[in-house]
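# Commentary on secondary and tertiary structure
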Amino acid sequence: MKIAIIGGGPAGLYAAILLAKQRPEAEIIVYERNRADDTFGFGVVFSDATLDNFEKYDQPSYRRITQEFAYWDDIAVYFRGTAHRVGGNGFCGCSRRKLLLILQQRARELGADLRFETEIDEQSRFEDADLVILADGINSRFRETHIDHFQVEVDVRSNYFAWMGSSKPLDAFTFIFQETEWGPFIAHAYQYEAGRSTWIFETDPKTFERAGLKGLDERRSADRMAEIFGWFLGGHQLLVNRSMWRNFPMIRSKRWVKGKMVLLGDAKATAHFSIGSGTKLAMEDAIALAEAMARAPTVAAALELYEQGRREEVEKTQHAADVSLVWFEHVDRFWEFDPVQFAFGVMTRSKAITYDNLKLRAPDFVTEVDKAFAKQVRAKGFDVDVQKPLVPMFQPMRLREMEIKNRAVVSPMCMYSAKEGVPSDFHLVHYGSRAMGGAGLIFTEMVCVGREARITPGCAGLWNDEQEAFWTRIVNFVHANSAAKFALQLGHAGRKGATKLMWEGIDRPLEEGAWDIISASPLPYFPDSQVPRAMDRSAMTAVTAAFVAAAERGERCGFDMLELHCAHGYLLASFISPLTNQRSDDYGGSLENRLRFPLEVFEAMRAVWPKHKPMSVRISATDWAEGGITGDDAVQVARAFAQAGVDLVDVSTGQTVQDAQPLYGRMFQTPFSDQVRNEARVATMCVGNITSSDQVNTILAAGRADLVALGRPHLVDPAFAIKAAAWYGAQEVFCPVQYLPGKEQIFRNSVRDRQDFDELRIKAKPKTRAELKAEATKPLAAE
Ligand SMILES: Cc1cc2nc3c(=O)[nH]c(=O)nc-3n(C[C@H](O)[C@H](O)[C@H](O)COP(=O)(O)OP(=O)(O)OC[C@H]3O[C@@H](n4cnc5c(N)ncnc54)[C@H](O)[C@@H]3O)c2cc1C
Ligand SMILES: Cc1cc2nc3c(=O)[nH]c(=O)nc-3n(C[C@H](O)[C@H](O)[C@H](O)COP(=O)(O)O)c2cc1C
């Protein structure tokens, strides 16, 4: 077998090693344009988990790599004169040059033919090869030659970065966030061998310009960085080696294989340096390819297997890298944060690390985070304990004069079980049990402001006395038997009206008994849905009056809070999104125009809703569709509602158009809440695939939302909040007197359960290499 590898970086060399081991008879040639010891960059990082992988696949190179590595366990965050350290991270660094020399030596030992100073520009010279590995890096010529086939997307990010080195010793992976007269600069730094550390500097485009870095040569820009970070470098020099400032290209390829050619490493996909995974991904690609070659009967089958088996892992890493890079791009959002909350945000930015996880590894740090959170709550006039604070989830909050005992919220969820809009005993039990389960705030489902405002025949309403009477009964029950506050969500289905019950076909048009529907523009939801009538001025007046009348009824029912539903493609949302609003009057066109009607409705309701009671608005912060609402628009939308008197923005996403492409995942809508809260400076509630109290605390402590709503988790577990309270020892949680023995038991058991759980996790977690190294070098105690 003949294998040609273009590119002698980590991907190409490791592929050569693994394939040479697997097929000693194969002719493997690596073509590299540079000299053998010519390399850019300074150090590379690997996590303990990645090293475990290397150990499994090639012991000799693993041993040599680990002999050369610097280990560390801590991440340190420097911000506004403070330093916070968190242990238990298990990372190692090594010089890129040494890594390549080790891999080259090992590849040669195994019989691979390494040809340096050989630039490949023609693929025709590999016609007789059985397999051609394109490991030619981020600017891959061969990926570009077949750009249409590989379906490459390149997203060039806005921040500038430059890779430098230093002789400064470091004992932690170090992030330094530095305010300057031009704006914020960030250093990502780590030691990779004795007396050598990598320094990646990053800044936004405006700060880059203001600091005069544009056009400065390598040396002078390094001097500028040395001035900024001199206080930390303590006289150590910054070293350069092709350390030009550039923008990070996020590369994705829909296909990785063309005939016998396959993309590996940076050539196929990149991951932002802030999660230190470029070299790891490159080498793990080589592992995946070698595995596939061992398992499949032909090269073609192996390449297919490689692509199928590897894609999910690569996309997961890229997603984590994406989230992380966005955090760094928007660091100015958090610049005013308390430093410990800021550091918590750095640690938890890419979702892999959570509140509970940090509590186990760095309990003192998390206690500090809790204290800072409690101090903010105290500053708002609550008499909370700052010395022994409760976790963020159980810290109270105030919206106007409404006080919420904790920050776990039951999200609005349609039950499709009303008759002619009248709720039933089902609703009484449903809301009653969730209120008794300890949630601080519960929302009604979308309550429709008129018969023709309903989504389905099963939707609840508040347009007549019978409905008002039943809702009053539910509100009274909730207030009499729980400490929960109760918010009424009012909405109008718009073009998604006259559809079937959820379990009979969500958003599908009714076959019988449909009513006429209205929207911003006459666009059906599905091609076979009813075509809505575009609203004229008189329809707007009527709809506004219906919202106002329902708000007045809501006040008479005794609801504590009112939410206006402007999300999910329903009537008011259909005005906000350009995908569903094609009007040419004052209510269409610019975002300001598209917001006009929803704001008119909001203001009319605000005028009749009591001043001391809060109001929120639910928005879709992105349509997840080309040409639709984006996070930046959502900030404008939130600002406009805040000006009109909104107290809380309930940040959901999507459901505007049926061909949207949402990116689901854990807490997938939280970044939008983060953006709205910290750019528009309004209180937010986030929601969406948040399933544990650990996630709730992570979001709150990092300042990404003020309240956290859980929908589906509350459907199956009305006592979500009380269980979480037991886990965190938050005795203050409300429990009906009738249920107190249950509360006592779960609180008692939770202490032991938690200890057992923590012990198990500590036992299950293998020691990091830094810990092992520290143990091995510890002097023996005197006998
Ligand atoms: C300036 C810079 C500095 C970096 N520094 C670091 C760092 O310090 N630490 C870290 O972890 N990561 C660093 N990275 C990222 C890291 O290099 C990559 O993620 C990782 O090396 C990917 O490995 P690879 O084998 O896919 O590609 P590369 O390491 O880029 O290897 C590709 C190789 O192909 C060769 N090549 C390209 N085209 C041809 C051709 N036509 N003919 C012959 N040879 C060719 C190149 O010379 C190169 O050696 C840096 C990236 C850049 C851009
Ligand atoms: C059965 C069901 C009904 C829903 N009805 C509503 C509703 O009436 N109003 C609304 O704003 N959101 C509604 N939603 C969306 C939820 O409030 C929530 O945003 C969504 O379920 C995501 O949160 P989760 O992952 O915690 O479930 C509904 C969701 C479900 C599952």
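This write-up is about the structure you can find in this document. Because the structure is a prediction, the values reported are computed rather than measured. (Residues numbered from 1 in each chain as written. Chains lettered and ligands numbered in written order. Predicted model: local features only at pLDDT ≥ 70, side-chain atom pairs only at ≥ 80, totals over all residues. Heavy atoms only, no water.)

Take the packing of helix H21 (residues 631-643) against helix H22 (residues 670-680) next. For the pair H21 and H22, interaxial distance at closest approach is 9 Å and the crossing angle is 50 degrees. It follows from the interaxial angle that H21 and H22 lie oblique. Crossing of H21 over H22 shows right-handed handedness. On the side of H21, the interface is formed by Gly631, Asp632, Ala634, Val635, Ala638 and Arg639, while H22 contributes Phe672, Gln675, Val676, Glu679 and Ala680. Residue composition of the contact of H21 with H22, grouped by class: six nonpolar, two polar and three charged. (Axes fitted to C-alpha atoms, helices over the stretch in contact; angles between N-to-C directions. Helix = DSSP H or I, 4+ residues; strand = E, 2+ residues; numbered from the N terminus. Parallel < 35°, antiparallel > 145°, perpendicular 65-115°, else oblique. Left-handed = near helix turned anticlockwise from the far one by under 90°. Contact = heavy atoms within 4.5 Å. Nonpolar A, V, L, I, M, F, W, Y, C, P; charged D, E, K, R; others polar.)

Among the 31 residues in the neighbourhood of ligand 1, the closest are listed as Glu32, Gly43, Arg96, Trp163 and Asp266. One nitrogen or oxygen atom from the side chain of arginine 96 is found 2.6 Å from an oxygen atom belonging to ligand 1. In this structure, aspartate 266 approaches ligand 1 through a main-chain N or O atom, which is 2.9 Å from an oxygen atom. Within the complex, the protein chains bury 92% of what would otherwise be the 980 Å² of accessible surface of ligand 1. No other element matches helix H10 (residues 278-295), which puts three residues into the shell around ligand 1. (Near = heavy atom within 4 Å. Polar contact = N/O pair within 3.5 Å; in protein donor to acceptor, adjacent residues only side chain to side chain. Areas by Shrake-Rupley, 256 points an atom, 1.4 Å probe, with all protein chains shown as cover.)

Close to ligand 2 lie 18 residues; Pro412, Cys414, Asn689, Gly711 and Arg712 are nearest. Contact distances for ligand 2 include 2.8 Å between an oxygen atom and a side-chain N or O atom of glutamine 489. Arginine 618 is positioned such that a nitrogen or oxygen atom in its side chain is 2.8 Å from an oxygen atom of ligand 2. Surface burial for ligand 2 is 86%, taken as the share of its 600 Å² of free accessible area covered by protein chains. At the level of secondary structure, the elements contributing two or more residues to the shell around ligand 2 comprise strand E21 (441-448) and helix H24 (712-716). Residues of the shell around ligand 2, tallied by class, amount to eight nonpolar, seven polar and three charged.

On to empty space enclosed by the protein. With the rule as written, the count across this model stands at six cavities of 30 Å³ or more. Counting only elements with at least two residues in the lining of the largest cavity, the list comes to helix H19 (571-576), strand E26 (615-620) and H21. Among the residues forming the lining of the largest cavity, the class breakdown is seven nonpolar, three polar and one charged. (1 Å grid on protein atoms, 1.4 Å probe; cavity = no way out; pocket = protein on both sides within 12 Å on 5 of 7 lines; lining within 4 Å. Points joined across faces, edges and corners; volume = space filled by probe spheres on them.)

Looking now at H22. The element H22 is extensively covered by neighbouring structure, given that nine of its 11 residues are classed as buried. Among the residues of H22, Thr670, Phe672, Ser673, Asp674, Gln675, Val676, Arg677, Asn678 and Ala680 are the ones counted as buried. Among the structural elements, H21, strand E27 (648-652), strand E28 (684-686) and helix H23 (693-701) are those in contact with the buried residues of H22. Of the residues one or two after H22, arginine 681 is the one with positive phi, at around 55 degrees. (Buried < 20%, exposed > 50% of the residue type's maximum accessible area, 1.4 Å probe, protein only.)

Summarising burial for strand E25 (residues 561-566): six of the six residues are buried, a large majority. Burial along E25 is two-sided: the face carrying Met561, Glu563 and His565 and the face carrying Leu562, Leu564 and Cys566 are both buried. Alignment of strand E22 (residues 485-491) against E25, held across four bridges, turns out to be parallel. Residue pairing across strands places leucine 488 opposite leucine 562, the latter belonging to E25. Note: E25 against E26, five bridges, orientation parallel. Following the sheet pairing, glutamate 563 is matched in E26 by serine 616. (Pairing = 2+ DSSP bridges.)

Attention now moves to the pattern of salt bridges. The final tally for this structure, using the stated rule, is 45 salt bridges. Arginine 311 is paired through a salt bridge with glutamate 307; the nearest N and O atoms lie 2.8 Å apart. Separated by four residues within a single helix, arginine 311 and glutamate 307 lie in helix H11 (residues 299-329), roughly one turn from each other. Since its relative accessible area comes to 17%, arginine 311 is described here as buried. The residue aspartate 647 makes a salt bridge to arginine 606 at a minimum N-O spacing of 3.6 Å. With aspartate 647 in the loop between H21 and E27 and arginine 606 in helix H20 (residues 591-608), this residue pair connects regions lying 41 residues apart in the sequence. The residues aspartate 647 and arginine 606 share a single accessibility class, namely buried. What emerges from the salt-bridge pattern is a single network uniting Lys21, Asp58, Arg64, Arg106 and Glu109. (Salt bridge = Lys/Arg side-chain N within 4 Å of Asp/Glu carboxyl O.)

So, on to the sheet that holds strand E20 (residues 408-410). Within a sheet, neighbouring strands are paired by backbone hydrogen bonds and run either parallel or antiparallel to one another. With respect to topology, eight strands assemble into a closed barrel ordered E20-E21-E22-E25-E26-E27-E28-E29, the strand pairing being parallel. Taken over all neighbouring pairs, the strand axes of this sheet differ in orientation by 30 degrees on average, direction set aside. Sheet topology note: the E21/E22 ladder contains six bridges and is parallel. The residue of E22 that forms the bridge with cysteine 448 is glycine 491. Each of E20, E21 and E22 is contacted by helix H15 (residues 425-436), which is oriented at about 155 degrees to E21, the strand it contacts most.

Once that is clear, we can look at the packing of helix H1 (residues 10-22) against helix H4 (residues 96-109). Between H1 and H4, whose axes approach to 9 Å, the crossing angle comes to 25 degrees. In terms of orientation, H1 lies roughly parallel with respect to H4. Seen along the crossing, H1 lies across H4 with a hand that is left-handed. From H1, Pro10, Leu13, Tyr14, Ala16, Ile17 and Lys21 reach across to H4, where they touch Arg96, Leu100, Leu103, Gln104, Arg106 and Ala107. Looking at side-chain class alone, the contact of H1 with H4 contains eight nonpolar, one polar and three charged residues.

Moving on, we come to unusual backbone geometry. Look at lysine 351: it is not a glycine, yet its phi comes out positive at around 75 degrees. Its location among the elements puts lysine 351 in the loop between helix H12 (339-347) and helix H13 (355-361). Relative accessible area serves as the criterion here: at 13%, lysine 351 is assigned to the buried category. Notably, glutamine 655 is not glycine yet its phi reads approximately 65 degrees, a positive angle. Mapped onto the elements of the fold, glutamine 655 is located in the loop between E27 and H22.

Turning our eyes to something else, we now look at the packing of aromatic side chains. All told, the structure shown has 47 aromatic pairs when counted by the stated rule. Ring centres 5.4 Å apart and planes at 85 degrees place the aromatic pair tryptophan 624 and phenylalanine 672 in the edge-to-face group. In this pair, tryptophan 624 sits in the loop between E26 and H21 while phenylalanine 672 sits in helix H22, placing the two residues 48 residues apart along the sequence. Phenylalanine 672 shares its class with tryptophan 624; the two are buried. An aromatic cluster of at least three residues, connected via ring pairs, comprises Phe79, Phe173, Phe175, Phe177, Tyr190, Trp327, Phe328, Phe334, Trp335, Phe337 and Phe342. Its end group placed over the ring of tryptophan 515, arginine 454 keeps NZ or CZ at 4.6 Å from the ring centre. Above the face of the phenylalanine 747 ring, lysine 743 is positioned so that its terminal group lies 5.3 Å from the ring centre. (Phe/Tyr/Trp six-rings, centres within 6.5 Å; stacked < 30°, edge-to-face > 60°. Lys NZ or Arg CZ within 6 Å of the ring centre and 35° of its normal.)

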